[in-house]
Every structure is written in structure tokens, then in C-alpha cells.
Amino acid sequence: MIDASLYDRCVRCGLCLTSCPTYTETMTETSGPRGRISLMKAVAEGELSEDAPGYVAQMSECLGCRACEAACPSGVPYGELIEAARASLHERAVANPARPPKRGGRELSLLLNAVERPSWLHAGARLLRFAQRSGAFAIARRIGLLRALGLEGAARMAPPIDAHFEIPDDAVLRASASRGRAFLHLGCIAQCSSTGIHRAAIKLLLLAGLDVVRPSEQRCCGALAAHAGELERARALARANITAFERSGADVVAIDAAGCGAQCKGYGHLLADDPAWAARAKAFSERVRDISEILAACELPAPSIPLAARVAYQEPCHLVHAQRITNAPKRLLATIPGIELVPLEEATLCCGGAGVYAIGEPEMSARLRERKADAIRRSGASVIASANIGCMLQLRDAIAPLQVRHVVELLADAYA
Ligand code: SF4
Ligand code: SF4
């Protein structure tokens, strides 16, 4: 239950409006943070029904990017408010199955079931890889089969699946002169589609003198479930990750996906009302670091292999707004010899990826992707750097033939 006084922290100054992607796209008050907070407050005070179509639509249209939270001088914890609003909508839907399902609800539910069960996830990814490589996937989309099955949204977001997955195992990877131990969180879909990023992260952590563990007990961070309002699912996943970390003997949790990092840093909040877990969750969250924070704080040897490229850094919402990290990735990129960092307009504006946003809100997601792609083309960059796997997947096709690569991939390539 959210503290009702949090709504009153909003003094309606409007200073957050120009940071909000959906407001700047629509110039509509209800599509901005101030309007959404008013709607949530009206529901909390019983003046508006949760079933009001405009309310349901606005809770869905919000990206959860938290740009408004970072811009707000009154300290409105917007992320907590939207999470609670979505959780309430979800509970209401569960209690009353006769209500109309939310947009993309069926696909989302399928996805959430898969990501919390590694064996399902890996089997589904292998099937998807076979379909992608044989051409069956493209044909099924072209003839409308996936649309008919109600899977078009998930199909639109499906990443290319790698041949070999980076699956958690209990081996300890040892640094030559160990100064500590890092627990590398491998995410869920990223285990099957972003293995090069994880391998780059491992290479850099070892270079930084940290042993690396990737315990098999780890699970999806729970961000997708939390964004869908399914907080009990998210809490169960959080408990599994906390237990895995406690048993691992690691000093720090290293995360190479900004969305997962923001979620794991929020476990203390997520489990604050659970007496058995609150202290453990808080202790866990205090150990979570984005990979760029860890590497920027270490004395890495100077990279030696040059990268002759103009690189623009796209700042992921869940790194810059939710975790307030902006300098560390840029500092790491600047150490690569030959690199030219070029500015990117609206670098901190959401690209429309926002987890599984495109399943429920395909039009707004596409508008924001195109806005970002235009800014990227104007930047004159030949490579786009990011620090979030979701943003990379969202932008990849829109900016082709330009490449989008993770900061750790670019940095790892600069070492022999
Ligand atoms: S959320 Fe913050 S910045 Fe936005 S209108 Fe309210 S007080 Fe002002
Ligand atoms: S979280 Fe992002 S999309 Fe939602 S109101 Fe805030 S700035 Fe706008």
C-alpha cells in the first residue's frame, strides 16, 4: 500500500514535463507525469474508478523511464507510484477475470512464465533460433500466423538468438591476482541473446582483478514482472537472487544491463514489508553495482587496441535516471585509444524500448524509436554505445547499418 502523502509531494510545477517522452510526443497533460500523478491521486482518494478507460490507458502508456523523477525538485518518487498503480490494476484483474484483458496481456503472461523458469526459457530460445535460421519465423510473420496466434507483439521484440548460451554455472573464474569476487548476474533473455556482452563483462572483471561467479541458483531480476504490476512474482525472483548471492561468497553483484541493475538495487524497497527478508534484501541491494561503476572504480590496465570510430553514447533510462549513473560509462569509453566521442541530442530520452513496452504500446514505442534513430543519424556517429541490452535490441534494426554495441564490448575489444 502506497503512502498517500507521496502524491501530495507533487506541487504541480511542471518542471518534469519536458523530460517526459510521452508528454513531448503528445503535448497532452494526462500523458505526462503531472497528469498521471493527478489520476493516481484521484483513484487513491476514490474520485476516479480504476476501470476508467483513460486511467488504464495512461498507466500503460507510461514507459516507467523515471526521467520525471530525476527532474523533479520536490522528490516525488514517481517510480514507486507507477509501480503501485500497476500492481493494484493487476490485483483487480486477477480478482475479476471478466474484466477486459490489458493490451498484450496474454503475450506478457507467456513471457513472464518463461523467464522465471530457466529450462522453459532455454528450450523456447532454441526453438526460436531454429525458426529464425530456417526462415520459418519470417514466413510465420509475413503470412500473419503469429498475429493470428496473438503473438505479434512478442515476435516484434524477439531478439536474434545466439548459437551458444551463457548459462549460469557454479564454476569460479579466477583472476590472476584476485582482489575480490564478483557475482555476475546474467539476466534472463540476455543469457540466450547477448552472450557477447556477458563474455566481455567477464573478461573485464578478471582484468580488474575480480574472480567471477555466475551461480546456477540465480534467476531473472524480476523487472519485467514488476513493470507488469506482478509484484509477488518479482518478490519471489528477488528472494532467489538474494539467496544465490549470499551463498556465493561474492563481495559485489555486477550487472551489465541497466534495467536489471535498477531492479536489483530496488530489492530493499520491494521486500521492505517482509520481516524475514527486509534486512537481507537491503544488504543485497547495497552490494549491487552497474558493471561500469565497478570498472571505473578499478585500476584497469590501459587499453592498447585502437578503435577508429566516432561513437555516440545513448544513456539508458534505468542507468541515468533510475541509478543516476552518467559519467562512468563515458569515462570507460574515453580510455579506448583512437575513439572520438560525439554528442547525441536527447541522449537521456527513452528510446521506447522500456522492457516489454512494445508489446502493449507498439505505436508509442515505434515513435520514440524513430525519434532516437533520427538523433543518432544527425550525430554523425559510426557506432552507438549503450549500457542496456533492451535499448540495444530496440535500436538495432532502426539504425542499421550503424552498429549499436555495449560499452563493455567496445572496451573489451580494446584489450588483446
Ligand atoms: S512531479 Fe515534480 S516536477 Fe513534476 S509537476 Fe510534480 S512536483 Fe513538479
Ligand atoms: S516515467 Fe517516463 S514516461 Fe512515465 S511519466 Fe515519467 S517521464 Fe513520462
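Cut-offs and rules
Residues numbered from 1 in each chain as written. Chains lettered and ligands numbered in written order. Predicted model: local features only at pLDDT ≥ 70, side-chain atom pairs only at ≥ 80, totals over all residues. Heavy atoms only, no water. Helix = DSSP H or I, 4+ residues; strand = E, 2+ residues; numbered from the N terminus. Rg over C-alpha atoms; globule rule 2.2 N^0.38 Å. Buried < 20%, exposed > 50% of the residue type's maximum accessible area, 1.4 Å probe, protein only. Contact = heavy atoms within 4.5 Å. Areas by Shrake-Rupley, 256 points an atom, 1.4 Å probe, with all protein chains shown as cover. Lys, Arg positive; Asp, Glu negative; His and termini not counted. Charge placed at Lys NZ, Arg CZ, Asp CG, Glu CD. Salt bridge = Lys/Arg side-chain N within 4 Å of Asp/Glu carboxyl O. Core = buried A, V, L, I, M, F, W, Y, C linked by side-chain atoms within 4.5 Å. Expected span 1.5 Å × (residues − 1). Near = heavy atom within 4 Å. Nonpolar A, V, L, I, M, F, W, Y, C, P; charged D, E, K, R; others polar. Axes fitted to C-alpha atoms, helices over the stretch in contact; angles between N-to-C directions. Parallel < 35°, antiparallel > 145°, perpendicular 65-115°, else oblique. Left-handed = near helix turned anticlockwise from the far one by under 90°. Pairing = 2+ DSSP bridges. Polar contact = N/O pair within 3.5 Å; in protein donor to acceptor, adjacent residues only side chain to side chain. Domains from an automatic or database assignment.

Draft legend 1. Examining the overall build of the protein more closely. Looking only at helices and strands, the protein features 25 helices and nine strands. Rg of the C-alpha trace for the protein: 21 Å, near the compact-globule value of 22 Å for 416 residues, within the 12% margin. Its C-alpha atoms give the protein principal-axis dimensions of roughly 60 × 50 × 45 Å. Each of the 416 residues in the protein was classed as buried or not, and the buried ones make up 54%. For the protein, the proportion of contacts with a sequence separation of at least 24, taken over those separated by at least 6, is 75%. Surface exposure of the protein reaches about 18200 Å², of which carbon and sulfur atoms provide 55%. Of the charged side chains in the protein, 48 are positive and 44 negative, and the gap between their average positions amounts to 4 Å.

Draft legend 2. Just the pattern of salt bridges, in detail. By the definition in use, this model includes 31 salt bridges. Salt-bridge contacts for Glu50 lead to Arg92; the nearest nitrogen and oxygen are separated by 3.7 Å. Of this pair, Glu50 sits in the loop between helix 3 (33-44) and helix 4 (53-61) while Arg92 sits in helix 6 (residues 78-95), and the two are 42 residues apart along the sequence. On the basis of relative accessibility, which here comes to 12%, the residue Glu50 falls in the buried class. The class of Arg92 is partly exposed, set by a relative accessible area of 32%. Within this structure, Glu25, Glu346, Arg367 and Arg371 form a network of salt bridges that share partners.

Draft legend 3. Main features of the nonpolar core. One finds Leu184, Leu205, Tyr267, Phe284, Leu295 and Leu333 to be the most contacted residues of the largest nonpolar core, which totals 107 residues. Once residues within four sequence positions are removed from consideration, Leu295 is found in contact with Leu204, Leu205, Ala208, Leu300, Leu332 and Val408.

Draft legend 4. Quick look at helix 8 (residues 118-134). Its 17 residues give helix 8 an end-to-end C-alpha distance of 24 Å, which sits within 8% of 24 Å, the value for a rise of 1.5 Å per residue. Turning to helix 8, its buried residues number three or more, namely Leu121, His122, Ala125, Leu128 and Ala131. Tucked inside the fold, the buried residues of helix 8 contact helix 7 (105-115), helix 9 (136-142) and helix 12 (190-193). Immediately beyond the C-terminal end of helix 8, within one or two residues, lies Gly135, with a positive phi of roughly 90°.

Draft legend 5. Spotlight on the site of ligand 1. Among the 13 residues in the neighbourhood of ligand 1, the closest are listed as Cys10, Cys13, Gly14, Cys16 and Cys72. In terms of residue class, the shell around ligand 1 is built from nine nonpolar, two polar and two charged.

Draft legend 6. Seen up close, helix 16 (residues 258-265). A large share of helix 16 lies buried, amounting to seven of its eight residues. Residues Ala258, Gly259, Cys260, Gly261, Ala262, Gln263 and Cys264 constitute the buried set of helix 16.

Draft legend 7. Fine view of the site of ligand 2. Residues in close proximity to ligand 2 total 13 residues, the closest being Cys20, Arg36, Cys62, Cys65 and Cys68. Where the shell around ligand 2 is concerned, the elements lending two or more residues are helix 2 (21-26), helix 3 and helix 5 (67-71). Here the residues of the shell around ligand 2 sort into nine nonpolar, two polar and two charged.

Draft legend 8. View of the packing of helix 15 (residues 231-248) against helix 18 (residues 278-287). With their axes 10 Å apart at the nearest point, helix 15 and helix 18 run at an angle of 70° to one another. Taken together, the axes of helix 15 and helix 18 lie roughly perpendicular to each other. Between helix 15 and helix 18 lies a crossing whose hand is left-handed. Contact residues: Asn241, Ile242, Thr243, Phe245 and Glu246 in helix 15; Arg280, Ala281, Phe284 and Arg287 in helix 18.

Draft legend 9. Up close: the pairing of strand 3 (residues 210-214). For strand 3, the buried fraction is high: five of the five residues fall into the buried class. Of the two faces of strand 3, the one lined by Leu210, Val212 and Arg214 and the one lined by Asp211 and Val213 are each fully buried. Strand direction decides the pairing type here: strand 1 (residues 169-173) and strand 3, joined by three bridges, are antiparallel. Within strand 3, the residue paired with Val172 across the bridge is Val213. In terms of strand pairing, strand 2 (residues 180-185) meets strand 3 through four bridges, oriented parallel. Each residue of the ladder has a partner; that of Arg181, found in strand 3, is Asp211.

Draft legend 10. Spatial organisation of the side chain of Thr22. Locating Thr22 in the fold gives a position in helix 2. According to the relative accessible area criterion, Thr22 is buried, its value standing at 0%. Within the local environment of Thr22, its side chain forms a polar contact with the backbone oxygen of Ser31, the two atoms lying 2.7 Å apart. If sequence neighbours within four positions are ignored, Thr22 has contacts with Met27, Ser31, Arg36, Glu61, Leu63, Tyr357 and Met364.

Draft legend 11. The arrangement of the domain arrangement of the protein in detail. Looking at the protein, the domain boundaries give domain 1 (8-95), domain 2 (105-157), domain 3 (169-296) and domain 4 (301-413). The straight-line distance from the C-alpha centre of domain 1 to that of domain 2 is 31 Å.

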